Amino acid sequence: MRRPHFVIEHDAKALMSLLPEIRALADSEKEALGFLPAKAFEDAIERGRLIAVLVNQHGARSFAGYLLHSGVFPHAKVQQVAAVSAFRKTGAASALMRALASELERIGFMSIRADVASDLPTALAFYTKNGFERVLERAGGKTRGRKIVVHSRQLKTDNLFTLASAQTGSIPDLGPRRRVPGEVPMFAFDLNVYFDLVRQRDQSGNARRLFGEALGHTIRLTVADEFVTELRRTSNTFFADPVLQMALHLPRLPKPDPAALEQLATRIYDIVFIKPNAKGVGTAQAKSDAKHLAHATISRASAFITRDGPILNARHELLATFGIDIATVEEVLDLLPEPLASSGVQPRREGFDLGPIDNAQLAAYLTEVNVPSTVISEFTGPQIAAEFTRREAVRCDNRIVAVGMVRIPKGMDPTARLIVHVRHEQRDAELFADYLLTTLVRASCEHAPIGIELIHLLGQSTVHALAATSGFHRSANSPIFAKIALGRPCTESAWPAIVHQVRRRTGLVLPDALSALSDGDVDVRIASGAANRINAALLEDLLGPTLFVWPGRSGVIAPIARTYADELLGTAIQPNLDFIANRDAAFLSLRGYVNAPRTARQMQAGSPIIFYESKRTGNGRGAAVAVARIVNSVVVPKSQLEPKNDKRLVIDSAEKFSATDDVLLTTFDNLMAFPTPVLLDTLKRLNAVGGANLVSAVSLSSEQIDSILTCGWSGGRFQ
């Protein structure tokens, strides 16, 4: 049976038209609800104390139930809730309760109370299911002599009490640094970069792109006075040299104090050339380079762009000592965000549709659900050329029930701004929120690490809870949740480049060596400059999606049939046929894998798991296609596993997954598909297939995992 699509009706005029049906339902349930005069329902509608739930059926909406509430701020009380008999056990009453809780949270209520007679077991179970707790029991009326059980549900609302204690744990705020609006990072560059541009050398393509970004105001490119001085020295004909004449019109760094410049240039020259006895030591060119770099440092340039070997070799000491970053042109270009595109094959499921949403539709939805006008203006205003955007919507029967949008400004260190909103009355509200949040975070960090800010919307507790599990952090009553997302696994060979990218794009300084994480706790420096010591596993959570493959972190490679891989891992290379719907797992960030109990010792919580798409059945590709992190593994009797009711799974039956009465259920998160699948022949060369060519799971060392991931993220080549 298709899941019903619930619509919550708040409009007073529409509710008045439903009044006969509301009263008829109330009269039919007097035993459970008690008696209220007709005028009480009219008054409740006029005062905004009654909501109804409708169900779309065959193009028309049918009345399915109502909820009447009262109370004095900040504590609400459920007076009556009832569903039409035809829609009981379909979730209609729960939809009403979710909608009420979301609205009360939005306007600041702290709790909901409900008084339920002790001899109404169905009602008691309903309130327990919807998050209410029994707080006390009192005597009822003398006529029946029954007890009344008082229930209470605490709402996830910002208020004077919760804000005082919010986020008081030891989790540091790893959110992105925040620039002044309109601030553009400044880069100084050396002669080689300039010559690459004007003399059509090997690097001219990258140089043209770099200068093109400067003309587009994505970055600021500047030179020091020493740049022009050096160019004058090397020019034979001052007035007839077009290269020199062009250089004279380049933006200049502000003039520094001469004494401070000389002092700093001497120290830099010592670090870059004298101490390592570098090539060029003692030459006028080397001293000129040191002076140029000193000028950039004093001017607080974001980085000095060069391809000079001695300067690049000293980058770590220069950064640690003077705070000046050294980068190649390629490294700077790698920081630039790229257009947001839908990656992979979009899942689909019966009962709702996923797809893009235009500005007008987004604005109408956000207005209808009472999102603040400032937020609506930010996310639905005219798109500018200097940003990338992506909008997603979930529709049930052509009605928008959830939306998400991300905006990423073009620039070297962009901060993505994200909004996700769901209608909580929907049975699948959590599923929608999980999918939208995960999809837009992954899209944001697909090409490079990025800082992300999620707008805090009152009444969106489901979104907020999922954000917290995804590494978002909110300080006290901040209007945003913030995080940094890496978007790829971290191997030892890739770690230096990742560290540089993360620092340049977000301000977060990670340890120089990935091996430092194997000790359990590591030191990081956040964008504000404050140092923090943090658990490595927690850091992995906060920077997800990612996976740290530090030395000694072993894992496993496990086979999976293509029919399951396409859906569970999202690695399908073509969409399902229109009549084939995905299971819920395809939309969740936490998913489940089933195999034989004999592999339990290999499936350790916290370990990396690489999924190998088997060729044995279903025309699989015979390649490693995805990696994830194991959350937990438990042996479950087949009789107790209900695949059709477990949203994490994509199987119909557990029977064929083991020859015993049990199966191993492994839950995993931080799922990342390989850009390039790693073929079986390559896995064999890495001794990663076991004695039976991956018929069953095979344990892997951290070195093997490193090699497989390096290959999968480098176009199928070893680096």
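Everything numeric in this text was worked out from a predicted model, so none of it was measured.

## Remarks on the packing of aromatic side chains
- The final tally for this structure, using the stated rule, is 16 aromatic pairs.
- Measuring from centroid to centroid gives 5.5 Å for Tyr194 and Phe227, while their planes differ by 70 degrees, and the two rings are edge-to-face. One end of the pair, Tyr194, is in helix α8 (residues 191-198); the other, Phe227, is in helix α10 (residues 225-234), with 33 residues separating them in the sequence.
- In this structure Phe227 comes out as buried when scored by relative accessible area, which is 1%.
- Through a chain of ring-to-ring contacts, three or more aromatic side chains come together here, namely Phe189, Tyr194, Phe195, Phe211 and Phe227.
- Above the face of the Phe481 ring, Arg474 is positioned so that its terminal group lies 5.8 Å from the ring centre.
- The ring of Trp550 is capped by Arg553, whose NZ or CZ atom sits 4.4 Å from the centre of that ring.

## Observations concerning the packing of α10 against helix α13 (residues 284-298)
- Two elements in contact, α10 and α13, have axes separated by 8 Å at closest approach and are oriented at 155 degrees. By the angle between their axes, α10 is roughly antiparallel relative to α13. Two secondary-structure elements touch here, α10 through Asp225, Glu226, Phe227, Glu230 and Arg233 and α13 through Ala284, Gln285, Ser288, Lys291, His292 and His295.
- Split into classes, the residues belonging to the contact of α10 with α13 amount to two nonpolar, four polar and five charged.

## Quick notes on empty space enclosed by the protein
- A complete count under the given rule lists five cavities of 30 Å³ or more for this structure.
- Considering the residues around the largest cavity, the lining is formed by Arg3, Pro4, His5, Arg349, Gly351, Phe352, Cys396, Gln426, Arg427, Asp428 and Phe432.
- Its volume calculated, the second largest cavity comes out at about 60 Å³.
- Pro337, Glu338, Leu340, Ile408, Ala443, Ser444, His447, Ala448, Ile450 and Arg505 together form the lining of the second largest cavity.
- Across the lining of the second largest cavity, the residue classes tally to six nonpolar, two polar and two charged.

## Brief notes about the sheet that holds strand β22 (residues 555-560)
- On the basis of which strands lie adjacent, the open sheet formed by six strands has the order β23-β26-β25-β24-β22-β27 and mixed pairing. Lying at the two open borders of the sheet, with one neighbouring strand each, are β23 (591-595) and β27 (698-700). Looking at each pair of strands side by side, their axes are set apart by 40 degrees on average, direction ignored.
- As paired elements, β22 and β27 share three bridges and run antiparallel to each other. Bridging from a neighbouring strand, Gly555 pairs with Leu700 of β27.
- Together, β22, β24 (608-613), β25 (623-637), β26 (662-679) and β27 form the strand contacts of helix α25 (residues 702-712), whose direction differs from that of β26 by roughly 45 degrees.

## Regarding unusual backbone geometry
- Cis rather than trans, the peptide bond between Gly544 and Pro545 has omega equal to 5 degrees.
- Structurally, Pro545 can be placed in the loop between α22 (536-542) and β21 (546-548).
- Although it is not a glycine, Lys89 sits at a positive phi angle of roughly 65 degrees.
- Secondary-structure assignment places Lys89 in the loop between β4 (75-83) and α5 (92-106).
- A relative accessible area of 89% means that Lys89 is categorised as exposed.
- Phi at Leu694 takes a positive value of approximately 60 degrees, unusual for a residue other than glycine.
- As for its placement among the helices and strands, Leu694 is situated in the loop between α24 (680-685) and β27.
- With a relative accessible area of 1%, Leu694 lands in the buried category.

## A word on the sheet that holds strand β13 (residues 387-396)
- An order of β12-β13-β14-β15-β16-β17 is seen for the six strands of this open sheet, with the pairing classed as mixed. In this open sheet, the two strands that pair with only one neighbour each are β12 (353-355) and β17 (480-485). Across the sheet, the axes of successive neighbouring strands diverge by a mean angle of 15 degrees, strand direction being ignored.
- Packed on one face of the sheet, helix α17 (residues 359-368) meets β13, β14 (399-409) and β15 (415-422) and runs near 115 degrees to β14.

## Observations concerning the pairing of β26
- Pairing of β23 with β26 involves five bridges; the strand directions are antiparallel. Considered in β26, the bridge of Val594 is made with Leu665.
- Bridge count for β25 against β26 is twelve bridges, and the pairing is antiparallel. Across the sheet, Ala623 pairs through a bridge with Leu679, a residue of β26.

## Let's talk about the packing of α8 against helix α9 (residues 204-215)
- For the pair α8 and α9, interaxial distance at closest approach is 8 Å and the crossing angle is 100 degrees. Taken together, the axes of α8 and α9 lie roughly perpendicular to each other. Between α8, through Val193, Asp196 and Leu197, and α9, the contact on the second element is made entirely by Ser204, Ala207, Arg208, Leu210 and Phe211.
- Residue composition of the contact of α8 with α9, grouped by class: five nonpolar, one polar and two charged.

## Overview of helix α2 (residues 19-28)
- Considered for burial, the residues of α2 that qualify are Leu19, Ile22, Leu25 and Ala26. Within α2, the buried residues cover an arc of 130 degrees as seen down the axis, which keeps them to one side. More than 90 degrees from the buried face of α2, the exposed residues found are Pro20 and Ser28.
- Along its buried surface, α2 packs onto α1 (12-17), α3 (30-33), α4 (38-46), β2 (50-57), β3 (60-72) and β4.

## What about the state of the cysteines?
- This structure, assessed with the given rule, holds zero disulfides.
- Lacking any disulfide linkage, Cys490 is separated from the closest cysteine sulfur, that of Cys445, by 11 Å.
- A relative accessible area of 0% means that Cys490 is categorised as buried.
- Summary of cysteine pairing: Cys711 is not part of a disulfide, and the nearest cysteine sulfur, belonging to Cys490, is at 18 Å.

## Some points on the nonpolar core
- In this structure, Leu418, Leu454 and Phe472 are the most contacted members of the largest nonpolar core, which totals 36 residues.
- Those elements that place two or more of their residues in this core are β13, β14, β15, α19 (429-444), β16 (450-455), α20 (461-469) and β17.
- Looking at this core, the element that brings in the most residues is α19, giving nine residues.
- Among residues more than four places away in sequence, those in contact with Leu418 are Phe379, Met405, Val406, Leu437, Leu440, Val441, Ile452, Glu453, Leu454, Ile455 and Phe472.

Definitions and cut-offs
- As a convention, each chain's residues are numbered from 1 in the sequence order in which they are written.
- Where totals are concerned, whole chains, interfaces and linings use all residues; where local detail is concerned, this predicted model gives features only for residues with pLDDT of at least 70, and gives and counts side-chain atom pairs only at 80 or more.
- To obtain the side-chain values, all non-hydrogen atoms of the structure were used and water was disregarded.
- Working definition: a ring pair exists when centres of Phe, Tyr or Trp rings (six-membered ring for Trp) sit within 6.5 Å. Plane angles under 30 degrees give stacked, over 60 give edge-to-face, the rest tilted.
- Here a helix means four or more residues in a row that DSSP labels H or I, a strand means two or more in a row labelled E, and each is numbered from the N terminus.
- Throughout this description, buried means an accessible area under 20% of the type-specific maximum (1.4 Å probe, protein chains only), exposed means over 50%, and partly exposed covers the range between.
- Charge-over-ring contacts are defined here by two conditions on Lys NZ or Arg CZ: a distance within 6 Å of the ring centre and an angle within 35 degrees of the ring normal.
- Note on geometry: axes are C-alpha line fits, over the in-contact stretch for helices, and angles between N-to-C directions span 0 to 180 degrees.
- We call two directions roughly parallel when the angle between them is under 35 degrees, roughly antiparallel when it is over 145, roughly perpendicular when it lies between 65 and 115, and oblique otherwise.
- For this analysis, residues touch if any pair of their heavy atoms sits within 4.5 Å.
- In the scheme used here, Gly and all other residues not listed as nonpolar or charged are polar, with Ala, Val, Leu, Ile, Met, Phe, Trp, Tyr, Cys and Pro taken as nonpolar and Asp, Glu, Lys and Arg as charged.
- Only protein atoms enter the calculation, which uses a 1 Å grid: trapped sets of points that fit a 1.4 Å probe without letting it out are cavities, open sets showing protein on both sides within 12 Å along at least five of seven lines are pockets, and any residue with an atom within 4 Å of a point is a lining residue.
- Grid points are joined across faces, edges and corners, and a volume is the space filled by probe spheres set on the points.
- The criterion for strand pairing is that DSSP finds at least two bridges linking the strands in question.
- Arc definition: it is the arc formed by the directions from the helix axis to the C-beta atoms.
- We call a pair of cysteine sulfur atoms a disulfide when they lie within 2.5 Å.
- What is meant by a nonpolar core is a set of buried Ala, Val, Leu, Ile, Met, Phe, Trp, Tyr and Cys residues, joined one to another through side-chain atoms within 4.5 Å.

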